Amino acid sequence: MSKKPPGTVRWLDPDEERAWRALRRMMIAVQSRTAHDLAAIGLSDPDYEVLSTLSERPGRTSTLHEQAAKMGWSRSRLSRHATRMEARGLLRREPDPADGRGCYLVLTERGLETLEDAAPAHLESVRRHVIDRLSPADLSALEAIARKLDG
């Protein structure tokens, strides 16, 4: 429950309300559609995010802390997810000498092969659900909006 007195709440006007609801519907639709397409090839959206970001890092390695921050997850949530990915041979953990409680996540060869196999289907999904539905001007506007909201 809000602790602000009712007169101090900045309610959304009708235009702001429509824009907010449209943004929410768009985020949910795009995420659920691309996640559905990834599930069809045996990966979750978080699996793909971990694999793809590790593949871009030097040595295909990231600390658990850095990866959790990138994904907007807690370390414990990512640690549990990494355990499941590790059991599937997609990554391995190595001790982080700078952080006794932390570890490095390292993309395995199997993880890289899984990513390489999944990437074409994922890119086709992104094209079908987003890119090919927008004009170049729409894409530029989307990028500009994303930059404003990301920071």
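J.: How do you make sense of the overall build of the chain when you look at a structure like this?
T.: A tally of helices and strands in the chain yields six helices and three strands. For the chain, the N- to C-terminal ordering of α and β elements is α-α-β-α-α-β-β-α-α. A globule of 151 residues ought to have a C-alpha radius of gyration of about 15 Å, yet the chain, at 19 Å, is considerably larger. Expressed along its principal axes, the backbone C-alpha trace of the chain runs to roughly 55 × 40 × 25 Å. Evaluated residue by residue, the chain yields a buried proportion of 28% over its 151 residues. The long-range fraction of contacts in the chain, counting pairs at least 24 apart against all pairs at least 6 apart in sequence, stands at 50%. As displayed, the chain has an accessible area near 10,500 Å², and 56% of this comes from carbon and sulfur atoms.

J.: Mind showing me how you'd approach unusual backbone geometry here?
T.: Excluding glycine, residues mostly carry a negative phi; peptide bonds, for their part, are mostly trans. At Arg 60, a position not held by glycine, the phi torsion is positive, near 50°. For Arg 60, the position within the fold is in the loop between helix 2 (45-56) and strand 1 (61-63). We classify Arg 60 as partly exposed; its relative accessible area is 30%.

J.: Would you take a moment to explain a nonpolar patch on the surface for this structure?
T.: Residues Met 26, Met 27, Leu 134 and Leu 142 make up a contiguous nonpolar surface patch of about 310 Å² in total accessible area. Within the secondary structure layout, Met 27 lies in helix 1 (residues 14-39). A relative accessible area of 40% places Met 27 in the partly exposed class.

J.: Is there a simple way to think about the pairing of strand 3 (residues 103-107) in this case?
T.: Counting buried residues along strand 3, four of its five residues qualify, which places the element largely inside the surrounding structure. Inspection of the sheet shows strand 1 paired to strand 3 by three bridges, in the antiparallel sense. Looking across to strand 3, one finds that Thr 61 is bridged to Val 106. Direction of pairing for strand 2 (residues 91-95) relative to strand 3: antiparallel, over a ladder of five bridges. If you follow Arg 93 over to strand 3, its bridge partner there is Leu 105.

J.: Is there a simple way to explain the packing of helix 2 against helix 5 (residues 109-129) in this structure?
T.: Where helix 2 meets helix 5, the axes come as close as 10 Å, and the angle between the chain directions of the two elements is 110°. As judged from the angle between their axes, helix 2 and helix 5 are roughly perpendicular. Note that helix 2 runs across helix 5; the crossing there is left-handed. Contacts between helix 2 and helix 5 involve Tyr 48, Leu 51, Ser 52 and Ser 55 from the first element and Gly 111, Leu 112, Thr 114, Leu 115, Ala 118, Ala 119 and His 122 from the second.

J.: Would you mind showing me how to read the environment of Arg 57 here?
T.: With respect to the helices, strands and loops of the structure, Arg 57 is situated in the loop between helix 2 and strand 1. For Arg 57, a relative accessible area of 34% corresponds to the partly exposed category. Excluding its chain neighbours within four sequence positions, the residues that come into contact with Arg 57 are Ser 62 and Glu 66.

The rules behind the values
- Residues numbered from 1 in each chain as written.
- Predicted model: local features only at pLDDT ≥ 70, side-chain atom pairs only at ≥ 80, totals over all residues.
- Heavy atoms only, no water.
- Helix = DSSP H or I, 4+ residues; strand = E, 2+ residues; numbered from the N terminus.
- Rg over C-alpha atoms; globule rule 2.2 N^0.38 Å.
- Buried < 20%, exposed > 50% of the residue type's maximum accessible area, 1.4 Å probe, protein only.
- Contact = heavy atoms within 4.5 Å.
- Areas by Shrake-Rupley, 256 points an atom, 1.4 Å probe, with all protein chains shown as cover.
- Patch = residues over 30% accessible without salt bridge, like charges linked within 9 Å, V, L, I, M, F, W, Y side chains within 5 Å.
- Salt bridge = Lys/Arg side-chain N within 4 Å of Asp/Glu carboxyl O.
- Pairing = 2+ DSSP bridges.
- Axes fitted to C-alpha atoms, helices over the stretch in contact; angles between N-to-C directions.
- Parallel < 35°, antiparallel > 145°, perpendicular 65-115°, else oblique.
- Left-handed = near helix turned anticlockwise from the far one by under 90°.

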